[in-house]
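Here is how the chains run, residue by residue.
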2 protein chains.
Amino acid sequence: MSKKAQKLRIIPLGGLGEIGKNMTVFEYGDEILVVDTGIMFPESDMLGIDYIIPDFKYLLDKRDKVKGIVITHGHEDHTGAIHHVVEQINAPIYATPLTKGLLEVKLARGGQSGKAKVNEIKAGDTVQIGVFKVEFCHVCHSIPDCVALGITTPAGLVVHTGDYKLDHTPVDNWPTDYTKLAEFAGRGVLAMLGDSTNADRAGWTPSERVIEPAFDKVFREAKGRILVATFASLISRIQQVGEAALRHGRKMAFVGTSMRENAKMAKQLGYLDLPDELLVPIDEALRLPPHEVVLMCTGSQGEPSSIVGRLASGTNRQFDLLPTDTVVLSSHPIPGNEESVSRTINKLFQRGAHVVYDPVEAVHVSGHASQEEMKFMLNLVKPKYLIPVHGELRHLHQHAAIAQSLGYAKDNVAIVENGQVIEFSAGKMFMGERIPGGHVFVDGSSVGDIGPAVMRERDALAREGFVLVNLRINPQTRKLTREPEIITRGFVYQRESDELLAETRRQIEKTLAEANGDLQRQLENKLRDHFFDMTKRKPMIFVMVNSN
Amino acid sequence: MSKKAQKLRIIPLGGLGEIGKNMTVFEYGDEILVVDTGIMFPESDMLGIDYIIPDFKYLLDKRDKVKGIVITHGHEDHTGAIHHVVEQINAPIYATPLTKGLLEVKLARGGQSGKAKVNEIKAGDTVQIGVFKVEFCHVCHSIPDCVALGITTPAGLVVHTGDYKLDHTPVDNWPTDYTKLAEFAGRGVLAMLGDSTNADRAGWTPSERVIEPAFDKVFREAKGRILVATFASLISRIQQVGEAALRHGRKMAFVGTSMRENAKMAKQLGYLDLPDELLVPIDEALRLPPHEVVLMCTGSQGEPSSIVGRLASGTNRQFDLLPTDTVVLSSHPIPGNEESVSRTINKLFQRGAHVVYDPVEAVHVSGHASQEEMKFMLNLVKPKYLIPVHGELRHLHQHAAIAQSLGYAKDNVAIVENGQVIEFSAGKMFMGERIPGGHVFVDGSSVGDIGPAVMRERDALAREGFVLVNLRINPQTRKLTREPEIITRGFVYQRESDELLAETRRQIEKTLAEANGDLQRQLENKLRDHFFDMTKRKPMIFVMVNSN
């Protein structure tokens, strides 16, 4: 065996600012285990990008070594890239029943149902995946059926918390499995990859139950319909809204394909425990008196194409907002979505609806551990080394500060960026090489061919626009044989810029008269100065010189 | 006197989502009083826009009727458009000493010192401005020397709160003037325009003093230099950092022109009360041992061109970050800046600095009243009518809900958008007409010529880019006489798109062979389909057909 083969290598991949959020690679000798296959949504200056997947080029050379793919829970940022991964890598997938259900809905939509086998595991199970013995440990989050992982390797036991919170009264009454975590500690944990999302929040994250009084208030006071917007995968929120509807005598309907499909699947699997008589199809709901109905829909992030987004802009086909409607946004804006959520709320108010959102009422609560829970997790699992993951660099630093406040030495906490290989051998942690581990843009049907160069062009076009000049000249006299054709986009309002364009024509004629050598370059330079002088802006400039 | 002349008209103008934030017009008969002349910063999808000013076209026809311009305090969103206004409207300006100082720094920079006269007033003063008797009432905010206004008109007394909080222990020890507000109430207040910024925050906004322990902790723990980033106009924060520096034996230096100029002016006017021996020039500060220095600089919003922005990207000329530096971001992200602030924090960590920011430490506190303060203000001033201002529509609705919880009838609260005229006559409120009262984009040297059409073009370019095809054909044979010239920007990475471009050439030849009639249009349509088929994207397409 080579020296390299005796090391355990852990590599956080993908994410956008966040580290090890969407994918993590465990490698020992010739065997690889992949944890999660998630996507991220673009930040607001990533122009035109649909979504972002982890750069998993590293795995492509080693695709035969991948023994399995484990998905910790059913949220998009852990599952959303599954169809990109299964196209490249043929390995068994492991997930709990709800996560499996959500993966299968996703694979079926992409026409890939046959392509990948999802093996059902349950919290408490142990599965040998190549050299890795993976134990699944139930944790609470904002979706049921989440697992942390205890991964026993020849180098030692590594715990991956997944996304978690320590909720003593979760909606499904299934608290985090402290016994299992303590058992890991008893065996000795070499390293823990720990969720850092809320590392800058003091105290404990409140239980999911705290939102019940807020929903009761909404249901008590609403005079007409109630529309609750949240993520289609937030199954426990759907359960809570259903329970409120039962308490207050309203029927419940699901609006939109993703909400309907997920709810159906979750109900079949028993994760949504609501009586059949509570649920009505949407067209029936629309015929009922408004005060007898609650509609569950998507759009809590202000996405223009979602139900709530379309209601806010008055472009929903099936039904419109009523002035007596109460719209509840039951989620926090994902970073980068704050503006779009604010605008949506304003537009809903503008259309006469009453809008309820956090912080006006406590209609949402985080699914991630806060500082005191992170301390609890560290003291419970007692890892020798901590690798803070799931968070931006600043969150990893705060997680590290928390560990240090518990007595961890600085050297026992690895703050790394995506693609940094962390190696373990002889019970010690070392930094390995840095591999490409960033993100890949998905835009239309293209995966990865939109890189920084194209993004820079889009940014420049977005800020200043462009000017296109098409000339026909007599090559001998260098005189125009036709009026120049000038097209601008994103630069000035062309119909009101006669003066600017007339002056541009004069500049072209003057430059032609004086020019020698490369006409095109001289014209472009001249026009660049000209436009800057007149507008203090710098559009892209293209001059086509056609000789007659 | 016409019927119209007997009415008081109040018109909130400008703002971006926020209502009546940047400018408010009071009109009675033939006389107009303008309150504030502020700017807003563009939201993240307002591509290439420098800043935004209120649309005050309404005033241009009536410019001779404007009797005065009152500025409530020195923040950009209340002062920043002053040079645009004085270019169009010649009327005396009134402001308290610090606000006057900040206005004069601003006018001098724009070369307009001579153009506008700023009259100094003090809280407690009364000034007759045309038909309007304006009484200035001290209020607390996050900058010293702020005033609310009591405006006595023939139609009644109207109170404009300006930006305020009810801070009992402000940094300048000058609490809000409750006596004056109560006196207004005693005389009977027809209407109040009330700050709604924090209408969705429960409780009381903490005093500015609460940040002192957080700063003491930072100063106690910092091993090297401390850099505090905030707004250059946040004079009271500069005072607090100076006091902390005194307590902990550090020297203080101001970095950057705006910070230096504002601090100098505020010190001269007595609003910054710091001993001379505390302050050192920046080059001297850079020569001192790091643990003896605190640097005040701009960049708390992550602006790439600010000192902190340049330190984060490693492009600051005068000095670099040191690994022992502690950077304190002492402000909240303005809505829309969240991403840029997060990235800056991450980059500072990446460069090895220790970064302190809210919520990790309480190094910032809001300058606006929360819900309980709003209730207090309503019960103290006792206006008959409330016009919630300074906030997005959702905040105005929350402010209205607060008023209703105090017993205000729905009809006595006017939730309006910018440009909605509110009329008062015979002690009653009526809705008048709606005038253009939105915002105007400033981009380079152009004010207002970037409208929705250009913004749509920029957005399209930003999302999909463009393709430019320059053809030379024989008009008789319709055959190419030269290889087509194809240029793309923001669409695909041209150097890696040989196949796409080769196929594009084939499509052009095919279309030319089959086309009849408008060649250009047929080519553009054909290429649109072609690019969508191949990429699922829709770039802008321009085809130039040059006949030979």
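Cut-offs applied
Residues numbered from 1 in each chain as written. Chains lettered and ligands numbered in written order. Predicted model: local features only at pLDDT ≥ 70, side-chain atom pairs only at ≥ 80, totals over all residues. Heavy atoms only, no water. Helix = DSSP H or I, 4+ residues; strand = E, 2+ residues; numbered from the N terminus. Buried < 20%, exposed > 50% of the residue type's maximum accessible area, 1.4 Å probe, protein only. Contact = heavy atoms within 4.5 Å. Lys, Arg positive; Asp, Glu negative; His and termini not counted. Charge placed at Lys NZ, Arg CZ, Asp CG, Glu CD. Buried area = accessible area lost by both parts, 1.4 Å probe. Salt bridge = Lys/Arg side-chain N within 4 Å of Asp/Glu carboxyl O. Polar contact = N/O pair within 3.5 Å; in protein donor to acceptor, adjacent residues only side chain to side chain. Nonpolar A, V, L, I, M, F, W, Y, C, P; charged D, E, K, R; others polar. Domains from an automatic or database assignment. Least-squares fit on C-alpha atoms with pLDDT ≥ 70 in both. Phe/Tyr/Trp six-rings, centres within 6.5 Å; stacked < 30°, edge-to-face > 60°. Lys NZ or Arg CZ within 6 Å of the ring centre and 35° of its normal. Pairing = 2+ DSSP bridges. Axes fitted to C-alpha atoms, helices over the stretch in contact; angles between N-to-C directions. Expected span 1.5 Å × (residues − 1). Arc of directions from axis to C-beta. Right-handed = clockwise from strand over helix to strand, strands pointing away. Parallel < 35°, antiparallel > 145°, perpendicular 65-115°, else oblique.

Trainee: How do you make sense of the overall build of chain A when you look at a structure like this?
Mentor: Helices and strands together make up the secondary structure of chain A, namely 16 helices and 26 strands. Expressed along its principal axes, the backbone C-alpha trace of chain A runs to roughly 90 × 75 × 50 Å. Across the 548 residues in chain A, those meeting the buried criterion constitute 59%. If you take every contact in chain A between residues at least 6 apart in sequence, the share linking residues at least 24 apart comes to 71%. Of the side chains in chain A, 64 bear a positive and 69 a negative charge, and the two mean positions are spaced by 3 Å.

Trainee: Looking at this model, I keep getting lost on the interface of chain B and chain A. Mind explaining?
Mentor: The extent of an interface is frequently quoted as the accessible surface area lost upon association of the parts. Listed per partner, the contact involves 62 residues of chain B and 63 residues of chain A. Summed over both sides, the interface between chain B and chain A buries roughly 5600 Å², with carbon and sulfur atoms accounting for 52% of that surface. Run the count over chain B and chain A and you get zero salt bridges. The tally of links between chain B and chain A comes to 24 residue pairs in polar contact (both at pLDDT 80 or more). For the side of chain B that touches chain A, the elements supplying multiple residues, two or more each, are helix 11 (338-350), strand 17 (354-357), helix 13 (393-405), helix 14 (452-464), strand 23 (466-474), strand 25 (485-489), helix 16 (519-535) and strand 26 (540-547) of chain B. Counted by class, the side of chain B that touches chain A contains 23 nonpolar, 18 polar and 21 charged residues.

Trainee: Explanation requested: the domain arrangement of chain A in the structure shown.
Mentor: All names here are of chain A. Under the domain assignment used here, chain A contains domain 1 (4-203 + 366-447), domain 2 (208-357) and domain 3 (465-547). For domain 1 and domain 2, the distance between their C-alpha centroids amounts to 31 Å. Each partner contributes to the interface: domain 1 provides 19 residues, whereas domain 2 provides 16 residues. For the pair domain 1 and domain 2, the summed buried surface comes to about 1700 Å²; carbon and sulfur atoms form 61% of the total. The largest per-residue losses of area from domain 1 upon contact with domain 2 belong to Leu98, Arg109 and Val171, which jointly make up 32% of the total buried on that side. At the junction of domain 1 with domain 2, the criterion picks out one salt bridge.

Trainee: Whenever I open this one, the relation of the copies chain B and chain A confuses me. Can you help?
Mentor: Taken together, a rotation about one axis and a shift along it account for how the two chain copies relate. Once turned by 180° and shifted 0.0 Å along the axis, chain B lies on chain A with an RMSD of 0.1 Å. Such a combination of turn and shift is consistent with a two-fold rotation axis. Among all residues of chain B, the one whose C-alpha sits closest to the rotation axis is alanine 462 of chain B, at a distance of 2.4 Å. Of all interface residues in chain B, 100% are interface residues in chain A too; the two copies therefore contact each other through one and the same surface.

Trainee: I'm lost on the packing of aromatic side chains in this one. Help?
Mentor: Within this structure, the stated rule accounts for 13 aromatic pairs over all chains. Among the aromatic residues, those joined into a ring-pair cluster are Phe466 and Phe542 of chain A together with Phe466 and Phe542 of chain B. Between the NZ or CZ atom of lysine 536 of chain A and the centre of the ring of phenylalanine 532 of chain A, over which it lies, the distance is 5.2 Å. The residue whose ring lies beneath lysine 538 of chain A is phenylalanine 532 of chain A, and the NZ or CZ to ring-centre distance is 5.4 Å.

Trainee: Explain the side chain of lysine 62 of chain B to me, please; I cannot follow it from the model alone.
Mentor: Residues and elements named next belong to chain B. Note on placement: lysine 62 falls in the loop between helix 1 (57-60) and strand 5 (66-70). We classify lysine 62 as buried; its relative accessible area is 15%. At a separation of 2.6 Å, a polar atom in the side chain of lysine 62 contacts the side chain of glutamate 27.

Trainee: How should I be thinking about the sheet that holds strand 18 (residues 383-389) of chain B in this particular structure?
Mentor: Sheets are built from strands paired through backbone hydrogen bonds, the pairs being either parallel or antiparallel. Residue and element names in this part refer to chain B. The six strands are arranged 8-9-10-11-12-18 in an open sheet whose pairing can be described as mixed. Where the open sheet ends on each side, the last strands, each with one partner, are strand 8 (126-129) and strand 18. Strand-to-strand twist across the sheet, computed as the mean angle between neighbouring axes with direction ignored, equals 20°. For strand 11 (residues 156-160) and strand 12 (residues 189-195), the ladder comprises three bridges, and the chain directions are parallel. Within strand 12, the residue paired with valine 158 across the bridge is alanine 191. Strands strand 11, strand 12 and strand 18 of the sheet are contacted by helix 12 (residues 371-381), whose axis makes an angle of about 165° with strand 12. On the sheet, helix 13 packs against strand 12 and strand 18 and is oriented at approximately 155° with respect to strand 18.

Trainee: How should I be thinking about the environment of proline 333 of chain A in this particular structure?
Mentor: All names here are of chain A. You can see proline 333 is positioned in the loop between strand 16 (326-329) and helix 11 (338-350). Classification of proline 333 by relative accessible area gives partly exposed; the value is 33%. Put simply, proline 333 and lysine 122 are 211 residues apart on the chain and 31 Å apart in space, counted from C-alpha to C-alpha. Not counting residues up to four positions away in its chain, the partners in contact with proline 333 are Gln301, Glu338 and Val341.

Trainee: Is there a simple way to explain helix 16 (residues 519-535) of chain A in this structure?
Mentor: Count 3.6 residues to each turn of an α-helix, and residues three or four apart come out pointing the same way. The end-to-end C-alpha distance of helix 16 of chain A, which contains 17 residues, comes to 24 Å, matching closely the 24 Å that a straight helix rising 1.5 Å per residue would cover. Those residues of helix 16 of chain A that fall on the buried side of the exposure criterion are Leu519, Leu523, Glu524, Leu527, His530, Phe531 and Thr535 of chain A. Taken end-on, helix 16 of chain A shows its buried residues confined to a sector of 130°, consistent with a single buried face. Across helix 16 of chain A from its buried face, at more than 90 degrees, point the exposed residues Arg521, Asp529 and Asp533 of chain A. Next to the buried residues of helix 16 of chain A lie strand 23 (466-474), helix 15 (498-514) and strand 26 (540-547) of chain A together with strand 21 (439-443) and strand 22 (446-447) of chain B. Capping the start of helix 16 of chain A is the job of one residue whose side-chain oxygen sits 3.2 Å from the backbone nitrogen of glutamine 520 of chain A: aspartate 518 of chain A. Of the residues flanking the end of helix 16 of chain A, it is lysine 536 of chain A, one or two places downstream, whose phi is positive at about 60°.

Trainee: Just checking my understanding: could you explain the sheet that holds strand 22 of chain B for this structure?
Mentor: All names here are of chain B. With antiparallel pairing, the three strands of this open sheet are ordered in space as 4-21-22. Each edge of the open sheet is held by one strand with a lone partner, namely strand 4 (51-54) and strand 22. Bridge count for strand 4 against strand 21 is four bridges, and the pairing is antiparallel. The residue of strand 21 that forms the bridge with proline 54 is histidine 439.

Trainee: Got a minute to help me understand the pairing of strand 12 of chain B in this structure?
Mentor: Each regular strand shows side chains that alternate between the opposite faces of the sheet. All names here are of chain B. Taking burial as the measure, the seven residues of strand 12 include seven buried ones, the bulk of the element. Handedness of the β-α-β unit built from strand 11, helix 5 (residues 178-187) and strand 12 comes out right-handed. As defined by bridge partners, strand 12 adjoins strand 18 across six bridges and the pair is classed as parallel. Within the sheet, the bridge partner assigned to aspartate 195 lies in strand 18 and is valine 389.

Trainee: I'm lost on helix 11 of chain A in this one. Help?
Mentor: If you check helix 11 of chain A, its first and last C-alpha atoms are 18 Å apart, about what 13 residues at 1.5 Å a residue would give, namely 18 Å. Restricting attention to buried positions, one finds in helix 11 of chain A the residues Glu339, Val341, Ser342, Thr344, Ile345, Asn346, Leu348 and Phe349 of chain A. Considering only its buried residues, helix 11 of chain A is in contact with helix 10 (307-313), strand 16 and strand 17 (354-357) of chain A together with helix 13 of chain B. Downstream of helix 11 of chain A by one or two residues, glycine 352 of chain A has phi in the positive range, about 95°.

Trainee: Would you take a moment to explain the packing of helix 14 (residues 452-464) of chain A against helix 14 of chain B for this structure?
Mentor: Think of two packed helices as two axes; the pair is described by the angle between the axes and how far apart they sit. Running from amino to carboxyl end, helix 14 of chain A crosses helix 14 of chain B at an angle of 180°, the nearest separation of the two axes being 8 Å. Overall, the two elements helix 14 of chain A and helix 14 of chain B adopt an arrangement that is roughly antiparallel. Facing Arg458, Leu461, Ala462, Arg463 and Glu464 of chain A of helix 14 of chain A, the residues of helix 14 of chain B in contact are Arg458, Leu461, Ala462, Arg463 and Glu464 of chain B. Residue composition of the contact of helix 14 of chain A with helix 14 of chain B, grouped by class: four nonpolar, no polar and six charged.

Trainee: Just to check I follow, could you spell out the packing of helix 5 of chain B against helix 12 of chain B for this structure?
Mentor: Residue and element names in this part refer to chain B. One can describe the packing of helix 5 onto helix 12 by two numbers: an axis separation of 7 Å at closest approach and a directional angle of 50°. In terms of their interaxial angle, helix 5 and helix 12 are classed as oblique. When helix 5 is examined against helix 12, the residues Tyr178, Leu181, Ala182 and Ala185 are found in contact with a partner set consisting of Phe376, Met377, Leu380 and Val381. For the contact of helix 5 with helix 12, the per-class residue count stands at eight nonpolar, no polar and no charged.

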